[in-house]
Amino acid sequence: MPKMKTHRGAAKRFRVTASGKVKRARAYKSHLLAGKAPKRKRRLRQPTLIDITDRKRITRLLPYQA
């Protein structure tokens, strides 16, 4: 059986934690920041976990990380 290839786009966007959960960056932090509250922009800096419904789909793209 040949090796599976890691999806390089997914590898750049997601990281797997030590407990096996998948971490991602938050959206809406790239532009149009003047209209967003400072509190909201601070929250957007923090990473978050992907939703449980997406976990199987994302871990299939990252075969050797998960």
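That block above? That's the structure.
Remember, predicted model here, so these are calculated numbers, not experimental data.

The rules behind these values
- Residues numbered from 1 in each chain as written.
- Predicted model: local features only at pLDDT ≥ 70, side-chain atom pairs only at ≥ 80, totals over all residues.
- Heavy atoms only, no water.
- Helix = DSSP H or I, 4+ residues; strand = E, 2+ residues; numbered from the N terminus.
- Rg over C-alpha atoms; globule rule 2.2 N^0.38 Å.
- Buried < 20%, exposed > 50% of the residue type's maximum accessible area, 1.4 Å probe, protein only.
- Contact = heavy atoms within 4.5 Å.
- Areas by Shrake-Rupley, 256 points an atom, 1.4 Å probe, with all protein chains shown as cover.
- Salt bridge = Lys/Arg side-chain N within 4 Å of Asp/Glu carboxyl O.

Draft legend 1. Structural view of the overall build of the chain. Per the secondary structure count, the chain includes three helices and three strands. Tracing the chain from N to C terminus, the helices and strands come up as α-β-β-α-β-α. Over its C-alpha trace the chain gives a radius of gyration of 15 Å, far above what one expects of a compact globule, namely 11 Å for 66 residues. Principal axes of the C-alpha set define a box for the chain whose edges measure 50 × 20 × 20 Å. Taken across its 66 residues, the chain has 18% of its residues classed as buried. A fraction of 57% describes how many contacts in the chain between residues 6 or more apart in sequence connect residues 24 or more apart. About 5,800 Å² of surface is accessible on the chain, with carbon and sulfur atoms providing 55% of the total.

Draft legend 2. Representation of the pattern of salt bridges. Summed over the entire model, instances satisfying the criterion amount to one salt bridge. The residue Arg-57 makes a salt bridge to Asp-54 at a minimum N-O spacing of 3.0 Å.

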